[in-house]
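Each chain, written out:
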Amino acid sequence: MAFPIHRPRRLRRGETLRAMVRETRLAPADFIYPLFVCEGRGVRREIPSMPGCHHLSIDTLVEEVKAARDDGVTGVILFGIPGSKDALGSGAYAEDGIVQRALAELKEKVSGVILAADVCLCEYTDHGHCGVVEDGDVANDRTLPLLARASVSLAKAGADLIAPSDMMDGRIGAIRKALDEAGFQETAIMSYAAKFASAFYGPFRDAAGSAPRFGDRRSYQMDPANAREAMREIALDVEEGADIIMVKPALAYLDLVREARSRFDLPIAAYNVSGEYSMLVAAAERGWIDRERAILESLTSIKRAGADLILTYFAREASRLLARSPRS
Ligand code: PBG
C-alpha cells in the first residue's frame, strides 16, 4: 500500500530540492590528476590515443600543475617518459631521472598540491615489463630492491605519496622498510593494491610506451574475475604498511570499490583509467554521448561506490564543471 502515500517524485521537483537531498557530492579535492613528464623544453605533445592529454616537459608540467591547482585539484600523480630504457629500468631510480627532476622543480615552484609518484619499472625497461626479467619470467624478489630504490629516490626528490603500481608480492613492505631506513617515515604509500590485468590500460601503454615486448602482465596483475583475491591483496598491503589502497580500473570494478569500502578503514582510491577516459572522449567526439554529463556521472558513480579519491584524466575538466554548478 505504498502508493499513493509514498511518491518519491516529490523530492525530485526542481534542482534546488534535488540538490538538498543529493547523497553523493563530487569535489575537486576528490581528484588526483595523472600527468606524463618527458625530456625537453616547451614540449606539450598531445597523446594520440588520449585526446586532451599530453606529454609535458618539466617546464610545461609546472604550468599544468599550477593551472590544475587553480582549478581546485589537490593532487597530481606523475608518470615518466624517459629518454632511454634498459633491461633493469634504471631510469626509474636514477637520482636525476625524469620524474625525480620534475618533482624537485614542482616542489620549488608550486605549493598547495600533493605530489604523488607512480613507482613501476615498465616505463623504464626495454622489454616493457614491470619487473626484472629472468628466464623469460618477471622475477618478483629481484624486482623488490629496485622498487624500493626508486621509492627512496622519489621521496628524496620531493614526492609526498609513493604509489607502487607493479603488483609484485611484498613490495609494500619492502618499500616501507626502505623509506623508513632512509629517514622518510612520514612519506605515505598509496598502493595499487588490487590492480587487474585490464584491456582498459591500452591507451596508457601507448602514451607511456610501456606495452610489454613479449607476453602480457597476467602473471602479476590480477585476473578480472577475482573479487575475493582482490580483498586478500588489499589486506596484505594494509598489513605491509599501505596508507591508501587503490582499486584499478574503476568503472568495471565498482563492486570491489564497494566491498573494499565495507571491509577496510583506510582511504580508498579508484583509478578511472586511460581506456575509460578515451572511450568516453571518443563517443562524445562522435556526438553519441554528452561529454560533460557522462564525465560527472561516471565520477559520481565511482564516489558513490565508496572511493574517497579518484585518479582521473578528467580532473581539471570535472573541477571546472563543478565550479560552474556548485550544487552538483
Ligand atoms: C604502470 C601503470 C599502468 C597504468 C598505471 N601505471 C599500465 C599498466 O599496468 O600496464 C595504467 C593507467 C591507465 O591506463 O590510465 N604499471
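S.K.: Give a detailed account of the overall build of the protein, specifying residues and quantitative values.
M.R.: If you tally the helices and strands in the protein, you get eleven helices and twelve strands. Its C-alpha atoms give the protein a radius of gyration of 20 Å, near enough to 20 Å, the size a compact globule of 328 residues would have. Overall size of the protein, expressed as C-alpha extent along the three principal axes, is 70 × 45 × 40 Å. A total of 328 residues make up the protein; the buried ones form 54% of that total. Taking contacts inside the protein between residues at least 6 apart in sequence as the whole, the part at least 24 apart equals 74%. Looking at the protein, you have 43 positive and 47 negative side-chain charges, and the mean spots of the two groups are 9 Å apart.

S.K.: Talk me through the pairing of strand 4 (residues 75–81); I want residue IDs and the actual numbers.
M.R.: Taking burial as the measure, the seven residues of strand 4 include seven buried ones, the bulk of the element. Burial along strand 4 is two-sided: the residues Gly75, Ile77, Phe79 and Ile81 and Val76, Leu78 and Gly80 are all buried. The sheet contact formed by strand 1 (residues 31–38) and strand 4 spans seven bridges and is parallel. Paired with proline 34 across the strands is isoleucine 77, a residue of strand 4. In the sheet, strand 4 pairs with strand 5 (residues 114–119) via four bridges, with the strands oriented parallel.

S.K.: Can you lay out the site of the ligand for me, pointing to particular residues and giving the numbers?
M.R.: Around the ligand sit 19 residues in total, of which Lys195, Arg205, Lys248, Ser274 and Tyr313 are the nearest. Interatomic distance of 2.7 Å between a side-chain N/O atom of serine 274 and an oxygen atom of the ligand. In the environment of the ligand, an oxygen atom lies 2.6 Å from a nitrogen or oxygen atom belonging to the side chain of tyrosine 313. If the ligand stood free it would expose 400 Å²; the protein chains cover 100% of that surface. Tallied by class, the residues present in the shell around the ligand amount to ten nonpolar, three polar and six charged.

S.K.: Let's hear about the packing of aromatic side chains: which residues, and what values?
M.R.: All told, the structure shown has nine aromatic pairs when counted by the stated rule. An angle of 50° between the planes, with centres 5.5 Å apart, marks the rings of phenylalanine 36 and phenylalanine 204 as tilted. Residue phenylalanine 36 is located in strand 1, and its partner phenylalanine 204 is located in helix 6 (residues 202–208); the two are separated by 168 residues in the primary sequence. Like phenylalanine 204, phenylalanine 36 is buried. A network of ring pairs unites the aromatic residues Phe36, Phe79, Tyr192, Phe204, Tyr271, Tyr277, Tyr313 and Phe314 as a single cluster. The ring of tyrosine 201 has lysine 195 lying over it, and the distance from NZ or CZ to the ring centre is 5.4 Å. Over the ring of tyrosine 271 we find lysine 248; its NZ or CZ atom is 4.8 Å from the centre of that ring.

S.K.: Tell me about the pattern of salt bridges, residues and numbers included.
M.R.: According to the stated counting rule, one finds 23 salt bridges in the structure shown. Between arginine 176 and aspartate 180 there is a salt bridge, with its nearest N and O atoms 2.9 Å apart. Highlighted residues: arginine 176 and aspartate 180, both in helix 5 (residues 171–181), separated by four residues, approximately one helical turn. Taking relative accessible area as the criterion, arginine 176 reaches 13% and is therefore assigned buried. As a salt-bridge pair, arginine 261 and aspartate 308 come within 2.7 Å of each other at their nearest N and O atoms. A residue pair is termed long-range when its members are at least 10 positions apart, and arginine 261 in helix 8 (residues 254–263) and aspartate 308 in the loop between helix 10 (291–305) and strand 12 (309–312) qualify at 47 residues. Here arginine 261 falls in the partly exposed class, since its relative accessible area comes to 23%. The partly exposed category is assigned to aspartate 308, whose relative accessible area is 33%. One salt-bridge network, held together by shared partners, links Arg44, Glu64, Asp71, Arg316 and Arg320.

S.K.: Requested: an account of the side chain of serine 210, with residues and values cited.
M.R.: Following the sequence through the fold, serine 210 ends up in the loop between helix 6 and helix 7 (228–240). When its relative accessible area of 1% is taken as the criterion, serine 210 is described as buried.

S.K.: Explain helix 4 (residues 140–157) to me, using residue names and the numbers behind them.
M.R.: The end-to-end C-alpha distance of helix 4, which contains 18 residues, comes to 26 Å, matching closely the 26 Å that a straight helix rising 1.5 Å per residue would cover. Those residues of helix 4 hidden inside the fold are in contact with helix 3 (98–109), strand 5, strand 6 (132–134), strand 7 (137–139), strand 8 (161–164) and helix 5. Just beyond helix 4, the residue with positive phi is glycine 158, at close to 125°.

Rules of the game
- Residues numbered from 1 in each chain as written.
- Predicted model: local features only at pLDDT ≥ 70, side-chain atom pairs only at ≥ 80, totals over all residues.
- Heavy atoms only, no water.
- Helix = DSSP H or I, 4+ residues; strand = E, 2+ residues; numbered from the N terminus.
- Rg over C-alpha atoms; globule rule 2.2 N^0.38 Å.
- Buried < 20%, exposed > 50% of the residue type's maximum accessible area, 1.4 Å probe, protein only.
- Contact = heavy atoms within 4.5 Å.
- Lys, Arg positive; Asp, Glu negative; His and termini not counted.
- Charge placed at Lys NZ, Arg CZ, Asp CG, Glu CD.
- Pairing = 2+ DSSP bridges.
- Near = heavy atom within 4 Å.
- Polar contact = N/O pair within 3.5 Å; in protein donor to acceptor, adjacent residues only side chain to side chain.
- Areas by Shrake-Rupley, 256 points an atom, 1.4 Å probe, with all protein chains shown as cover.
- Nonpolar A, V, L, I, M, F, W, Y, C, P; charged D, E, K, R; others polar.
- Phe/Tyr/Trp six-rings, centres within 6.5 Å; stacked < 30°, edge-to-face > 60°.
- Lys NZ or Arg CZ within 6 Å of the ring centre and 35° of its normal.
- Salt bridge = Lys/Arg side-chain N within 4 Å of Asp/Glu carboxyl O.
- Expected span 1.5 Å × (residues − 1).

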